[in-house]
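This is what each chain is made of:
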Amino acid sequence: MVEGALWRRWVFFYIPLTAFVVSLLFPFYWMMVTTVRPDSELYRPWNAPNYAPFWTTHPTLVHIRDLLTETLFSTWMLNTMIISIAATAISLFCGLLAGYALSRLKFPFAGSLGTVIFITYLVPQTLLFIPLADIIRNFRLGDTPWALILTYPTFLIPFCTWLMMGYFKSIPKELEECARIDGATRWKAMVYIIFPIAVPGILSAGIFAFTLSWNEFLYALVFLSSPEQKTVPVGVTSELIRGDVFYWGELMAGALLGSIPVAFVYSFFVEHYVASLTGSVKG
Amino acid sequence: MTYTTVASPSVYAGSPKRGPITRLLEDERWLAMTLLLPTVALLGLFIAYPFIEGVRLAVTDAKVGIPGHFVGLQNFEKIWNDDIFHVAVWNTCVYTAVATVFKLVLGLWLALLLNHNFKGKAFTRAFILLPFIIPTVLSTLAWKWMFDPTFSVINWMLFRLGLIHSRINWLGDPNLALISVIIVNVWRGLPFYAISLLAGLQTISPELHEAAAIDGARAWQRFRHVTWPLLLPVTLVIVLFSVIQTFADFQLVYVLTGGGPANATQLFATYAYQLGIGTGLLSEGATISLAVFPVLLLVVIVQLLYIRRVETH
Amino acid sequence: MAEVHIQSLNKKFDEVHAVKDVNLGINDKEFMVLVGPSGCGKTTTLRMVAGLESITSGRILIDDKVINNLPPMDRDIAMVFQNYALYPHMSVYDNMAFGLKMRKFDRADIAKRVQDAAEILGIQELLKRKPRQLSGGQRQRVALGRAIVRHPQVFLFDEPLSNLDAKLRVQMRVELKKLHDRLGTTAIYVTHDQVEAMTLGDRVVVMKDGLVQQVGEPLELYNEPANLFVAGFLGSPAMNFAPVQISETNGALWAGSEGMRIKVPAEIAGRLGRHVRSDVTMGIRPEDLHVASAADPAELGFDAVIEVIEKLGSEILLDVAIGPHTMVASVDPGIRVNVHDCVRLVLNPERLHFFDARSEAVI
């Protein structure tokens, strides 16, 4: 419990904490409120006397309906889902194998290779996107989901590898040795013994990778052009603005619905997510 | 019992029949290579190759659809003399520095608050991470709406509190735009700092604080002499990560202002995008992207040196 | 038949020469113990037999086949690890069945073997549990069971009792011995505990710094140690050592140092001839010292001051000082003495050892 006199607790703890929580969550509240507010209420200037922003007396699903029926939003959701799952799967596969090799096998240049992979994690997309756009075009992957499914792993794999390495290091090496004496090949010992034990780590890495994929914007913006191919982040920001007019109702509906899958996954696996965040930092 | 010697030398035992692949993968080195192959291939193809391509582009005068000729360092000269580039560099540095300081201070404060036990702690911790979880572009859109010159809810609140009388054009006023963008960046990154620092705080044994308190140290002194030094390693790692990300930030500014008004919020990444993709000047865009590299290299080297130092402790 | 032959075995880790030219032969059905302080190379040797470490030079044979190039899975051996290495995500049954599954035994066979092994070890009720639900002793048994079901040619043990508490360790020692008697499989057992070595081994190998110090039956090593290290390693409390000078008086050899002068018995005197006027180390075990009575010859005794009295019930240990030396004597529990008393101790001449001061080999 928080100690000290009541006034101290309020001043030094409750008030600051509440302030933080409110300011961190307010934009989401705003997103939700805007989604269900009818247009008539939305477009009142800020200093109009009847501006009552924090709630609405006439909630409506019009914006959501319009979003789903008049735009390609559901297509974007599907695209993003497929791309995120596929990219996550590829990255987990690579990260699992690479993490195992780097943490449990002895071979020349193991250390340097680990460092190199770590460094690639730090290379931001903004450094590579222009030449990558060219390369994607040359491979004729432009404007297809494959452009993203193959490039997202570039920032997902290093992270997955790193996370899995941390997990693997905590598993005693006697387990593989015993399995090998029991009659398993190195490969079988890895797959039947080590991987099952590392499932919590795999879960953490997968969830983080999924969220990162869903969140990605630059590559999706640059590599995809036709509206049917776009992902949710790109679609919502580009297609919902007609001319110079922002349809805020739909925009916020899109933002809200587009966030739900990630929030959903997150809510089930909060502990894992936090573990992978802090694990990646503690290195 | 005595030892009976083996007189005749001996047959080297052979394994039972196993396929060549099985035998190959029994060797530690071959197994390692096989396991690393997919990763190396993917990263090589989509990071190493583009990087080299980027360097090549930067020394040509390629545009979209027109493969260029080698022009040496001409592009670098161009951007060196480009005013907008200067503005972008300045903006990026200010953006990164200010945002990082605020994220660190506020993140630390929040972490210290969260380090107590209180009802609903788990919930609070979970909700706090939302700004970091929700796709940046989508939450940034919400902020854009909140900053809207005509309909801003923030303006409304300030108006009702009696603090302003005329509107604040958060994103349209060149003097305010960078500040607004920094606010959103801090909002977005704060949870990451808070949660990571919280994890760091939790590894500090409470006995250390108790011992310090018995020794007579007050709260601030305890923080300065016990908490902060032990938190420093984690802090450094977080800050280094965050600096790289913030320096190369794109999404936030793209959605909020596109780089304007009048380049007030132009950053490296947005300028590179504008030139390379927007106007199709591939080589010049690539040059700007590449200009980030020295900073990146510096940060990476510092981080590696630091990690090496920590590991040898 | 499963004899293990280790020939000129060497292992180098980068610059560290961990195992130096080890030659050993383990007979069929023999329980061979490798004992020594940590870092002596015993575990590395064991791991090379298992195939977990590569061999720098030398050969390992099982019967007449050289197994250097065989991966562990093809050597038909089983190993019990210090921290049991049970697969945490599998039940006890699956842990024990794993090796058999890898070798493609059919389910009926596996079930039978697992049941048999479980009965021998008394763990039938634990088959469905997971390792984390077991106590240390139970986990140990499961680890043993996992090794037994395979009916291997050779058992390897890597300090399996070290993680158990003292009482359990004694109990398991007895059970291991009974198990070996029952199964009769050749076994190589590594430990740093000399009590385990003495009680479990058919023969014992003492190792230090990568070299074999002595091989032989436990009592042989105890009574006739080949060098200072073996003499001091086996036995608890350890053998007493005192640096002495050999001198000749009237045709007899005397071992003397400050505070004591012992007449060297005739049987040993012959061997000590060359060491007259030189320094040697004298060794006598605590239990071979007793408080002098009138009947004891004077030349086999010395005076000592008692510094500490340790009463163990079955014996009394006297920590005594003779001049600058200290020794421990294990005496009859009925003795009545006090600290700072001066007593006369007599040694058993048949149990006296002398070691060369430089080479530390027994004389």
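Criteria and thresholds
Residues numbered from 1 in each chain as written. Chains lettered and ligands numbered in written order. Predicted model: local features only at pLDDT ≥ 70, side-chain atom pairs only at ≥ 80, totals over all residues. Helix = DSSP H or I, 4+ residues; strand = E, 2+ residues; numbered from the N terminus. Contact = placed C-beta atoms within 7 Å. Buried ≥ 20, exposed ≤ 12 C-beta atoms within 10 Å, placed from the backbone. Nonpolar A, V, L, I, M, F, W, Y, C, P; charged D, E, K, R; others polar. Pairing = 2+ DSSP bridges. Axes fitted to C-alpha atoms, helices over the stretch in contact; angles between N-to-C directions. Core = buried A, V, L, I, M, F, W, Y, C linked by C-beta atoms within 7 Å. Parallel < 35°, antiparallel > 145°, perpendicular 65-115°, else oblique. Left-handed = near helix turned anticlockwise from the far one by under 90°. pLDDT = per-residue confidence, 0-100. Domains from an automatic or database assignment. Right-handed = clockwise from strand over helix to strand, strands pointing away.

Student: With reference to specific residues and values, describe the overall build of chain A.
Tutor: Across its full length, chain A carries 15 helices and 2 strands. Counting contacts in chain A only where the partners sit at least 6 residues apart, residues at least 24 apart contribute 78% of the total.

Student: An account of the overall build of chain C is requested, with residue identities and associated values reported.
Tutor: Helix and strand counts for chain C come out as 9 helices and 20 strands. A principal-axis box enclosing the C-alpha atoms of chain C has dimensions of 80 × 45 × 35 Å. The proportion of buried residues among the 363 residues of chain C is 41%. A sequence separation of at least 24 residues applies to 66% of the contacts in chain C between residues at least 6 apart.

Student: Can you explain the interface of chain B and chain A? Please cite residues and give values.
Tutor: Contacts between the two partners involve 81 residues from chain B, matched on the other side by 77 residues from chain A. It is helix H2 (residues 28-58) of chain B that provides the largest number of residues to the side of chain B that touches chain A, a total of 18 residues. Its residues assigned to classes, the side of chain B that touches chain A shows 59 nonpolar, 17 polar and 5 charged.

Student: Account for the sheet that holds strand E19 (residues 342-347) of chain C, naming residues and giving values.
Tutor: Residues and elements named next belong to chain C. Pairing within the open sheet is antiparallel, and its 5 strands lie in the order E15-E19-E16-E17-E18. Where the open sheet ends on each side, the last strands, each with one partner, are strand E15 (289-291) and strand E18 (325-331). Each neighbouring strand pair of the sheet contributes to a mean axis angle of 45°, computed without reference to strand direction. Looking at chain direction, E15 and E19 are connected through 3 bridges and run antiparallel. Paired with His 290 across the strands is Val 346, a residue of E19.

Student: Report on the sheet that holds strand E7 (residues 154-158) of chain C, specifying residues and quantitative values.
Tutor: Residues and elements named next belong to chain C. Strand order in the open sheet formed by 6 strands is E6-E7-E8-E3-E9-E10, with mixed pairing between adjacent strands. Of all strands in the sheet, those bounded by a partner on one side alone are strand E6 (77-80) and strand E10 (211-216). For this sheet the average axis-to-axis angle between neighbouring strands, irrespective of direction, equals 15°. As paired elements, strand E9 (residues 203-208) and E10 share 5 bridges and run antiparallel to each other. For Val 205, the partnering residue across the bridge sits in E10 and is Val 215.

Student: Quick rundown of the interface of chain C and chain A? Include the residues and the values.
Tutor: Between chain C and chain A, the residue contacts involve 17 residues of the former and 15 residues of the latter. Secondary-structure elements contributing two or more residues to the side of chain C that touches chain A are E6 and helix H2 (92-102) of chain C. Looking at the side of chain C that touches chain A residue by residue, the class counts come to 13 nonpolar, 3 polar and 1 charged.

Student: Could you give an account of the pairing of strand E4 (residues 57-62) of chain C, with specific residues and numbers?
Tutor: Residues and elements named next belong to chain C. The pairing of strand E1 (residues 4-13) with E4 spans 5 bridges and is classified as antiparallel. Looking at E4, one finds that His 5 is bridged to Leu 61. Pairing analysis gives 2 bridges linking E4 to strand E5 (residues 65-66), with the strands arranged antiparallel. Opposite Leu 61, over in E5, you have Val 66 as the bridge partner. Counting the residues that bridge the hairpin from E4 to E5 gives 2 residues, and of these Asp 63 lies at a positive phi of roughly 55°.

Student: Could you give an account of the nonpolar core, naming the residues involved and the relevant values?
Tutor: Core analysis: the biggest nonpolar cluster contains 260 residues, and B:Ala194, B:Phe268, C:Met79, C:Leu156, C:Ile188 and C:Val205 have the highest contact counts within it. Ranked by residue count, the leading element in this core is helix H9 (residues 174-202) of chain B, at 14 residues.

Student: Break down the environment of C:Ser54 for me, with residues and values.
Tutor: All names here are of chain C. Within the secondary structure layout, Ser 54 lies in the loop between helix H1 (42-50) and E4. Residue class for Ser 54 comes out exposed when judged on the 10 C-beta atoms lying within 10 Å of it. Separated by 10 residues in sequence, Ser 54 and Thr 44 place their C-alpha atoms 9.8 Å apart.

Student: Give a detailed account of the packing of helix H4 (residues 73-104) of chain A against H2(B), specifying residues and quantitative values.
Tutor: The interhelical angle for the contact between H4(A) and H2(B), taken along N-to-C directions, is 135°, at an axis separation of 8 Å. Compared by their axis directions, H4(A) and H2(B) come out oblique. Here H4(A) and H2(B) pass one another in a crossing that is left-handed. Touching A:Phe93, A:Cys94, A:Leu97, A:Ala98, A:Tyr100 and A:Ala101 of H4(A) are B:Ala32, B:Leu35, B:Leu36, B:Pro38, B:Thr39 and B:Leu42, all from H2(B).

Student: How would you explain helix H13 (residues 232-239) of chain A if you had to name every residue and give the values?
Tutor: Of all 8 residues in H13(A), 6 are buried; the element is thus mostly enclosed. Along H13(A), the residues that are buried comprise A:Val232, A:Pro233, A:Val234, A:Gly235, A:Val236 and A:Thr237. The elements touched by buried residues of H13(A) are H4, helix H12 (218-223) and helix H14 (248-268) of chain A together with helix H7 (136-146) and helix H12 (251-256) of chain B.

Student: How would you sum up the confidence of the model for chain C? Please name residues and give values.
Tutor: Across chain C, the average pLDDT comes to 91, with 100% of residues at 70 or higher. As a predicted assembly, this complex carries a pTM of 0.82 together with an ipTM value of 0.83.

Student: Go over the domain arrangement of chain C with me, naming the residues and quoting the values.
Tutor: Residues and elements named next belong to chain C. When the domains of chain C are assigned, the result is domain 1 (4-233) and domain 2 (240-356). Once you take the C-alpha centre of each, domain 1 and domain 2 turn out to be 40 Å apart. Taken together, the contacts link 5 residues of domain 1 with 5 residues of domain 2.

Student: Requested: an account of the packing of helix H11 (residues 199-215) of chain A against H14(A), with residues and values cited.
Tutor: All names here are of chain A. Axis separation between H11 and H14 bottoms out at 10 Å; the angle between their running directions is 165°. Put simply, H11 runs roughly antiparallel to H14. Taken as a pair, H11 and H14 cross one another with a handedness that is left-handed. Contacts from Ile 207, Phe 210, Thr 211 and Trp 214 in H11 reach Pro 261, Val 262, Val 265 and Tyr 266 in H14. Of the residues assigned to the contact of H11 with H14, the class counts are 7 nonpolar, 1 polar and no charged.

Student: Which residues make up unusual backbone geometry, and what values go with them?
Tutor: Cis geometry marks the peptide bond from C:Ser236 to C:Pro237, where omega comes out at 0°. Examined against the element boundaries, C:Pro237 turns out to sit in the loop between helix H8 (228-233) and strand E11 (240-249). At B:Ala262, a position not held by glycine, the phi torsion is positive, near 55°. Looking at the secondary structure, you find B:Ala262 in the loop between H12 and helix H13 (268-278). A positive phi is found at C:Tyr84, a non-glycine position, where the angle reads about 65°. For C:Tyr84, the location among the structural elements is in the loop between E6 and H2.

Student: I'd love a proper account of the pairing of E7(C), names of residues and values included.
Tutor: Residue and element names in this part refer to chain C. When you tally the buried positions in E7, you get 5 out of 5 residues, the bulk of the element. Note: E6 against E7, 4 bridges, orientation parallel. When the sheet's bridge partners are listed, Ile 77 is paired in E7 with Val 154. A crossover links E7 with its parallel partner strand E8 (residues 186-191), the connecting element being helix H5 (residues 166-183), and its sense is right-handed.

Student: For the environment of C:His180, give the residues involved together with the corresponding values.
Tutor: Residues and elements named next belong to chain C. Tracing the backbone shows His 180 in helix H5. C-beta crowding within 10 Å serves as the criterion here: with 19 such atoms nearby, His 180 is assigned to the partly exposed category. Separated by 108 residues in the primary sequence, His 180 and Pro 72 have C-alpha atoms spaced 22 Å apart. Look past the residues within four positions of His 180 in its chain and what remains in contact with it is Phe 31 and Ala 187.

Student: How would you summarise the environment of A:Phe93 if you had to cite specific residues and measurements?
Tutor: Along the chain, the position of A:Phe93 falls in helix H4. Spatially, the C-alpha atom of A:Phe93 lies 34 Å from that of A:Glu239, the residues being 146 residues apart in sequence.

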